[in-house]
Amino acid sequence: MSAWRRVSFFCAFVVTIMLLTGSTYAIPAFSRQYGTSCTTCHIDFPKLNDFGKAFKDAGFKFPKDDETFIKVPPVMLGAPAQKDMWPHVIFPGTIPGMPQIGLRFNQFFQYTGSSANKYYSGQVLPGTTPGQLLTPTIPNTDFEAGFFSIFMAGNFGSDIAFWVDDDLSVAGLNANGELGDGYLRFVNVGRFFKLPTDSLTLRVGQFELDLPFTQARSINISPYDIYTQANFGASNQNVNNVIQLADAAHGVEFSGGHQYGGYHYSVAVVDQSTSGTSAGNPANVPTPTGGQIGVPGVGFVSDTNYKDIYARFSYRFNLEKDPASRHDVQAAGATGPRDHTYLSLGTFYYEGRSNQHFTGYASDGVTPAVISAREPFYRVGGDFSFNYRNFNLFGLYMYGHDHDLVLNSAIVPTGFIPGAAVTFNGGFLEADYLVLPWVMTIMRWDRVQSTADFLSGAASGNYFSPAGSTRDRFTPGVQFLIHPNIKASFEYQYRPQQALYYSSSGQTVEPFRTNVATGALEFVY
Amino acid sequence: MKRSLVLAVMLMTAFVTSQAGTISGKVSGVAGESVVYVEAPAGKTFPAPTQQPVIDQKGLMFQPHITTVQAGTTVQFLNSDSVAHNVFWPSVGGNKKLTHNLGTWPKGEKRPFKFENPGAVPLLCNVHPEMSGYVVVSPTPYFAVSDKSGEYKIENVPDGSYTVTAWHEGAKNQSKPVAVAGDTKADFTLSK
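Residues numbered from 1 in each chain as written. Chains lettered and ligands numbered in written order. Predicted model: local features only at pLDDT ≥ 70, side-chain atom pairs only at ≥ 80, totals over all residues.

Caption draft 1: Spotlight on the overall build of chain A. When you go through chain A residue by residue, the secondary structure sums to six helices and 26 strands. Going through the 525 residues of chain A one by one, you find that 40% of them count as buried. Sequence-distant contacts in chain A: of pairs separated by 6 or more residues, those separated by 24 or more amount to 59%. (Helix = DSSP H or I, 4+ residues; strand = E, 2+ residues; numbered from the N terminus. Buried ≥ 20, exposed ≤ 12 C-beta atoms within 10 Å, placed from the backbone. Contact = placed C-beta atoms within 7 Å.)

So this is what it looks like as C-alpha cells:
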C-alpha cells in the first residue's frame, strides 16, 4: 500500500466525519422576533416550506406587512422624519430590536461495518519492516462531537438582509471552526432601475452558491456525493481541481424571481476556488488588516484576477387549479395553508479555470521559474422537484468537465500541451415524506461516475478505493423532532463497493462496503 | 291613597329585587382572567342573542384571546393578517366529537360560526401552532369575565338554585351549586 493511498484514506475518513456534521440551521431568533413557531417557515428544520422560501426571498422578513408581525420592534437609527430630508436614500434605517443570534450544537454516534478494516488486512505499512501489518483503525462504534455554531440573520430595514454563520467549535475540544456563509443581501435593488418587483437582488460576501438543493442547510446527515465531488485526473493526467459545488464562494450574486413560484435566476461572479495562496502567507500582499508587507496578516486568498461564473435558472409551476391560490405564497387547503403542489425544473452552469503552479528552474538550472496551467472547466446540470402535499421528490444530474493541460516536457517543461479531458457525472434522487409534523422519512440514491477516481484508486469525499467507475449509495433515513428545536436523525448508508485487489483479468478480489449507520442529535436555540 | 301607593311601590321593588339577584365572588388559585357562568336549569332554554362578536386573527394572534358568548351566538372570525391562517378547534367542552375546521380565508374577510354547544372551545391554527384563543360558550346569558385579580360579578340572575361553573385557561373547571337570593357570594379555587 502506498503512502499516498494511506494518507488519502485517512483524509477521506476525516472528511467523511466532518461532512457528516454538515451545517443545518433554523433560526430561533426569528421565532423570538416574530413570536411564531419554527413551522411557520420550516418543514423538519432547516428545510423550508413555501412561506419560509418567501421569507428568505424577501430578505428575512414577512413578504407583506412585516411590521405588523414583529413582536420586538426594531430600533430606529434616526427619526423617521429624517427620511424627508433624504427621500431617495435609505437613511436612517433600523436595526433589529434584539440580537438576531442563534446557537446550535450537534453530536453524532456512528456505527461502521467491520468490513471497513479490510482495507488494512494484510497490508504492509510503507517504510517499515516487511511483514509489519497495520492494525484496524476504524472503530465500529464512535461518538463524535459535532459543531457548536453561532449564526445571525435578519433585516436592517429598507430591504437589506444579513446572514453570518460561524462554527465556534468543530469536532474537538476547543477546536476552531470556520465561517460558513457571511453576506449582505440587497433585496429588490431593481426598484432603483424601475425594474419589475423582485427581479433584481444583489448579494455580496461569502455564500453557498444558489444550488438547486442546498447542501449547507440540508436535512440530511451526510452530504450529496455529487456536491462533494472534486475532479482529479488519473496518473497520466494533470487535472487537480479541488472545487466542489458545495463549497462556499466569495463574490457577488445577482438574482431575481421567487423560489415559491414562477421564475428564479441567479448569476454569481466568484473568486477562483483553486490554488490561491494562504491567507497568512507574508508574501501574499496586500495585507489589509495585517499591517506592513512581510508581516503575516490577513490577506486576500485569491491569486488571480480570473473569476468563476455560476448561473442558475429555474421555473416552478404551481399546479393549483384556483388562480388566486396558485399565485399566492402558499396554497389554500381545507385544513389551512400548505405548500403548493408543484413541479419545478431548473438548470445550472458553473464555469471557471483551475490553476496549477509548477515551480522549478529554467534550462540553465539556476534561474527559478514558475509556469502555470490554467485549465478551463465547467459543471452543468439539471434538476427537478415535484411536491404533492407532504411528499417531495427531487433530483439532480450534473456533468463535470475539466480540460487537461500536461507538461510539454518531463525534463525541462516550458509550457503545456492539451491532454485528454477529465470528466465525471452523477447526481441524486431523493424522496422526503413528512409522515407527521414531527416525523420525516427520507430515501435517497446518490450516484457518481468517475473513471479517473477508479483508476486513481481514490475518490474524493467519502470513498477511498472505488471498485468501479460508478459509485452508488442508498441512504434511507428518518428524523424526529422530539421538541420543536431538538431533532434526532438517523440514516443508514449502503455505500459503494470498494476494492484493494484486482485479478489479472481486472476483476475485483474480495470487494467490500463500508456501510455506516449514523445517529445525530442536535438542538438550536 | 298616597300611603297605599308607596306601599305598592315598595312591595313591587322588593319583588323585582328578589327576582334578579347577583352572583359575585373571586376566582383564586390562578392568575388572570377567568370566566364564570351559570349552567342552564333543566328544561330551561334561552333565546340566542343577535349580536355577533368578532374574533380577529392579527399579528399571528387571536384577538381577543378569550371571548365569552351565550350558546347560540354566531361569532365572526376575521383575518386581518396578510398571511393565511386556519382556524379549527379539536373539541368543545372537552367533547372531541365536536371538532371543527373553519378553513382558510383571505385577509379582510370574515367567516361565521354559530356555537350551539356549551363549553370551552380552544381555537387553534394549523399553520401557526403558537396561536391560541378560546371561545367560552355559556349555556345561559348569565356569565361574567373576571378582572385580573379574579373578581367577578354576574348580574340579573333570577333567584333560584343553580350550578355555577368557573373556567380558566389551563385549569380544571370547578362547578358548585349556588342558591341565588339577591346578592349571593360564590368563590372558586381552581387548580391546574
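Resuming the write-up.
Caption draft 2: Inspection of the overall build of chain B at higher detail. Helix and strand counts for chain B stand at one helix and 17 strands. Across its three principal directions, the C-alpha atoms of chain B cover 70 × 35 × 30 Å. A fraction of 65% describes how many contacts in chain B between residues 6 or more apart in sequence connect residues 24 or more apart.

Caption draft 3: Expanded view of the interface of chain B and chain A. With 14 residues of chain B at the interface, the matching set in chain A holds 18 residues. Of the residues assigned to the side of chain B that touches chain A, the class counts are five nonpolar, eight polar and one charged. (Nonpolar A, V, L, I, M, F, W, Y, C, P; charged D, E, K, R; others polar.)

Caption draft 4: A look at the sheet that holds strand β3 (residues 54–58) of chain B. Residue and element names in this part refer to chain B. Taking strand neighbours across the sheet as the criterion, the four strands line up as β4-β3-β6-β9 in an open arrangement whose pairing is mixed. Of all the strands in the sheet, the pair left with one neighbour each is β4 (61–63) and β9 (110–115). The sheet shows a mean angle of 25° between the axes of neighbouring strands, taken without regard to direction. The sheet contact formed by β3 and β4 spans three bridges and is antiparallel. Along β4, the bridge assignment pairs K58 with M61. (Pairing = 2+ DSSP bridges. Axes fitted to C-alpha atoms, helices over the stretch in contact; angles between N-to-C directions.)

Caption draft 5: Broad picture of the domain arrangement of chain B. All names here are of chain B. The domains assigned to chain B are domain 1 (22–45 + 142–192) and domain 2 (47–138). For domain 1 and domain 2, the distance between their C-alpha centroids amounts to 23 Å. Looking at the side of domain 1 that touches domain 2, the elements with two or more residues in it are β2 (35–38) and β12 (143–145). Partitioned by chemical class, the residues of the side of domain 1 that touches domain 2 number five nonpolar, no polar and two charged. (Domains from an automatic or database assignment.)

Caption draft 6: Here's a closer look at the sheet that holds β12 of chain B. Residue and element names in this part refer to chain B. The sheet built from four strands is open, its strands ordered β12-β2-β14-β15 with antiparallel pairing. The outermost strands of the open sheet, each flanked by one partner alone, are β12 and β15 (174–180). Strand-to-strand twist in this sheet, taken as the mean axis angle between neighbours without regard to direction, amounts to 20°. Relative to β15, strand β14 (residues 160–167) runs antiparallel, the two sharing seven bridges. The residue of β15 that forms the bridge with S161 is A179.

Caption draft 7: Spatial organisation of the pairing of β14 of chain B. Residues and elements named next belong to chain B. Bridge count for β2 against β14 is four bridges, and the pairing is antiparallel. For V35, the partnering residue across the bridge sits in β14 and is W167. Once β14 ends, the chain turns through six residues before running back antiparallel as β15, passing G170 with a positive phi of about 85°.

Caption draft 8: Main features of the confidence of the model for chain B. Summarising the model, chain B shows a mean pLDDT of 89, and 90% of its residues fall at 70 or more. Across the whole predicted complex the pTM is 0.83, and at the interface the ipTM reaches 0.73. (pLDDT = per-residue confidence, 0-100.)

Caption draft 9: Up close: the environment of F108 of chain A. Mapped onto the elements, F108 of chain A comes out in strand β3 (residues 101–112). Measuring from C-alpha to C-alpha, the distance between F108 of chain A and R217 of chain A comes to 17 Å, with 109 residues separating the pair along the chain.

Caption draft 10: Spotlight on the environment of S31 of chain A. Residue and element names in this part refer to chain A. Assignment of secondary structure puts S31 in helix α2 (residues 28–34). C-beta crowding within 10 Å serves as the criterion here: with 22 such atoms nearby, S31 is assigned to the buried category. Linking S31 and Q206, residues 175 residues apart in sequence, is a C-alpha distance of 25 Å. What S31 contacts, discounting residues up to four positions off in sequence, is T36, S37 and C38.

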